[in-house]
Amino acid sequence: MTLVGNWSYPTAIKFGAGRIKELPEACAAAGMKRPLLVTDKGLADLPITLTTLDILEAAGLGRGLFSDVDPNPNEKNLETGVAAYNEGGHDGVIAFGGGSGLDLGKMVAFMAGQNRPVWDFEDIGDWWTRADAEVIAPIIAVPTTAGTGSDVGRASVITNSATHAKKIIFHPKVLPTVVICDPELTVGMPKFITAGTGLDAFAHCVEAFSSPHYHPMSQGIALEGMRLVKEYLPRAYADGTDIEARAQMMSAAAMGATAFQKGLGAIHAMSHPVGAVFNTHHGTTNAVCMPSVLEFNAPVIAGRFDTVAAYLGIEGGFEGFRAFAQDLNDNLGIPRRLSDLGVTETSIPELVQGALVDPSCGGNPIELTEDNLTALFKAAL
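The model shown is predicted, which means the values in this text are computed figures rather than measured ones.

Q: Would you mind showing me how to read the overall build of the protein here?
A: Helix and strand counts for the protein stand at 12 helices and 9 strands. Against the compact-globule benchmark of 21 Å for 381 residues, the protein has a radius of gyration of 20 Å, which places it among compact chains. Oriented by its inertia axes, the alpha-carbon framework of the protein measures out at about 55 × 45 × 35 Å. Counting every position in the protein, which comprises 381 residues, the buried fraction comes to 58%. By sequence separation, contacts in the protein at least 24 residues apart represent 75% of the contacts at least 6 residues apart. As presented, the protein carries roughly 14700 Å² of accessible surface, and 54% of it is formed by carbon and sulfur atoms. Put simply, the protein has 26 plus and 42 minus side-chain charges, and the middle of one group is 2 Å from the middle of the other.

Structural data, given as structure tokens:
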């Protein structure tokens, strides 16, 4: 099978090894003549970024770069990025990298022409209608990890540096115009990033499948996404140059983010405040929380995960699936406890309050109250 394709769900996606070379064509399709490439600090000087800037420069598109992006991007990064965008006279953003670069890049394009603070556009009710849609700059997304799926999403997660709360900022026009999914860009990922981002994709699929909301299309995508992670994440972790495994994981990442239109749940409701307070890697934190959340949700989801286990070739139904999830974590070097990530028992009240207001909270199959979230954090600690 040739792992190359042009897809239009949920947006235009150019998928396949080596397709970063088509970035100038994507810029033309998006109407960009002077794009700003936004990425994180760790990627700024790496060969994949420098090569991408060379491609842009050779096409007469300049080599505008902004990389003052923290692992959990915040409004200070955003303010600096918007200033760089406006001062440089740019006309679009290339969001490049993992979740941090993609999320911040999308927000730079979104906020560059707005006159209200970013928190006014939090994903609450119809707050997105407060934005002036006409001044949102075009966005091209180029993921360099396989997990977050932010490249096919209509929102970004931004940390409030004052309150240490992660906020989801949403607008339909934040969905990138074009996505370039080139698995060759992920070949150099370190093992711990391969594991953490891959398990982020797995968590998206697991939670989407667990969600009580009605969305059969997302349900099917989540099921196949779990299969791809089961089959290909261990391969990508064992051999980073396995381009087939890298490509299939890049597909799984996009699938997970598409599937979670159906909803997320306690895994993400817990992970977001932990990441905001302790600056942990998001996908790794999801993976640590997953076994406790599966056990908590078992009374409601066990039956449907009997089906998942059968599809994935796992014996023992739901219990077999839960054991598989823990074994997968262990085999990928994921810590077993939140305490291994620095989380303390004294922080639990603050984390619970953060989880209660997280949008993911409402997508859990069992209602998340203060008492059961406290029990969940203690179980994962």
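Q: Explain helix 1 (residues 23-30) here, please?
A: In an α-helix, one full turn covers 3.6 residues, which means residues spaced three or four apart are oriented alike. Taken together, the buried positions of helix 1 are Leu23, Ala26, Cys27 and Ala30. Around the axis of helix 1, the buried residues are gathered within 100 degrees of arc, so they sit on the same side. Seen from the buried face of helix 1, the exposed residues on the opposite side, beyond 90 degrees, are Ala28 and Ala29. Along its buried surface, helix 1 packs onto helix 2 (47-58), strand 5 (93-97), strand 6 (139-143) and strand 9 (178-181). Backbone geometry just after helix 1 places Gly31 at a positive phi near 80 degrees.

Q: Got a minute to help me understand the packing of helix 5 (residues 191-210) against helix 7 (residues 243-259) in this structure?
A: Pairs of packed helices are described in terms of their axes, by the angle between the two and the distance that separates them. Running from N to C, helix 5 and helix 7 cross one another at 40 degrees; their axes reach a closest spacing of 8 Å. For the element pair helix 5 / helix 7, the angle class is oblique. For the crossing formed where helix 5 meets helix 7, the hand is left-handed. Across from Thr194, Gly198, Ala201, His204, Cys205 and Ala208 in helix 5, the residues of helix 7 making contact are Arg246, Met249, Ala252, Ala253, Gly256, Ala257 and Ala259. Within the contact of helix 5 with helix 7, the residues separate by chemical class into 8 nonpolar, 4 polar and 1 charged.

Q: I would appreciate a short explanation of the sheet that holds strand 4 (residues 64-66) in the present structure.
A: What links the strands of a sheet is backbone hydrogen bonding, and the strands pair in either a parallel or an antiparallel sense. Across the sheet, which stays open at both edges, the 7 strands sit in the order 1-2-9-6-5-3-4 with mixed pairing between neighbours. Here the strands that pair on one side only, and so sit at the sheet edges, are strand 1 (5-7) and strand 4. Neighbour-to-neighbour, the strand axes of the sheet open up by a mean angle of 20 degrees, direction not taken into account. Examined bridge by bridge, strand 5 and strand 6 share 5 bridges and lie parallel to one another. Note that in strand 6 the partner of Ala95 across the bridge is Ala141. With respect to the sheet, helix 3 (residues 75-87) is in contact with strand 3 (36-38), strand 4 and strand 5, its orientation differing from that of strand 4 by roughly 165 degrees. With respect to the sheet, helix 4 (residues 99-111) is in contact with strand 3, strand 4, strand 5 and strand 6, its orientation differing from that of strand 5 by roughly 165 degrees.

Q: What should I look at first to understand the pairing of strand 8 (residues 165-170) in this one?
A: Walk down a regular strand and you will see the side chains alternate between the two sheet faces. As defined by bridge partners, strand 7 (residues 155-160) adjoins strand 8 across 6 bridges and the pair is classed as antiparallel. The residue bridging Ser156 from the neighbouring strand is Ile169, located in strand 8. Here strand 7 folds back onto strand 8 in antiparallel fashion, the turn holding 4 residues, of which His164 has a positive phi close to 60 degrees.

Q: I keep staring at the side chain of Asn160 and nothing clicks. Help me out?
A: Within the secondary structure, Asn160 sits in strand 7. Within polar-contact distance, the side chain of Asn160 engages the backbone nitrogen of Ala162 at 2.9 Å. Apart from residues no more than four positions distant in its own chain, Asn160 is found in contact with Glu75, Trp119 and Ala165.

Q: Sorry, what's going on with the packing of aromatic side chains here?
A: Each aromatic ring pair is summarised here by two numbers: the centre-to-centre distance and the angle between the ring planes. Inspection of every chain in the model, using the stated rule, returns 9 aromatic pairs. With a centroid separation of 4.9 Å and an interplanar angle of 50 degrees, the aromatic rings of Phe305 and Phe321 are classed as tilted. Residue Phe305 is found in helix 9 (residues 282-312), and its partner Phe321 is found in helix 10 (residues 317-331); the two are separated by 16 residues along the sequence. The class of Phe305 is buried, set by a relative accessible area of 0%. On the basis of relative accessible area, Phe321 is assigned to the buried category, the value being 0%. Seen from the ring of Tyr237, Lys191 lies directly overhead, with NZ or CZ sitting 4.5 Å from the centre.

Q: Sorry, what's going on with unusual backbone geometry here?
A: For residues that are not glycine, phi is negative in most cases, and the peptide bond is trans in most cases. Of note in this structure, His164 is not a glycine but carries a positive phi near 60 degrees. Along the chain, His164 turns up in the loop between strand 7 and strand 8. Here the phi dihedral of Asn279 falls at roughly 55 degrees; this positive angle occurs in a residue that is not glycine. Considering the arrangement of structural elements, one finds Asn279 in the loop between helix 8 (266-278) and helix 9.

Conventions and cut-offs
Residues numbered from 1 in each chain as written. Predicted model: local features only at pLDDT ≥ 70, side-chain atom pairs only at ≥ 80, totals over all residues. Heavy atoms only, no water. Helix = DSSP H or I, 4+ residues; strand = E, 2+ residues; numbered from the N terminus. Rg over C-alpha atoms; globule rule 2.2 N^0.38 Å. Buried < 20%, exposed > 50% of the residue type's maximum accessible area, 1.4 Å probe, protein only. Contact = heavy atoms within 4.5 Å. Areas by Shrake-Rupley, 256 points an atom, 1.4 Å probe, with all protein chains shown as cover. Lys, Arg positive; Asp, Glu negative; His and termini not counted. Charge placed at Lys NZ, Arg CZ, Asp CG, Glu CD. Arc of directions from axis to C-beta. Axes fitted to C-alpha atoms, helices over the stretch in contact; angles between N-to-C directions. Parallel < 35°, antiparallel > 145°, perpendicular 65-115°, else oblique. Left-handed = near helix turned anticlockwise from the far one by under 90°. Nonpolar A, V, L, I, M, F, W, Y, C, P; charged D, E, K, R; others polar. Pairing = 2+ DSSP bridges. Polar contact = N/O pair within 3.5 Å; in protein donor to acceptor, adjacent residues only side chain to side chain. Phe/Tyr/Trp six-rings, centres within 6.5 Å; stacked < 30°, edge-to-face > 60°. Lys NZ or Arg CZ within 6 Å of the ring centre and 35° of its normal.

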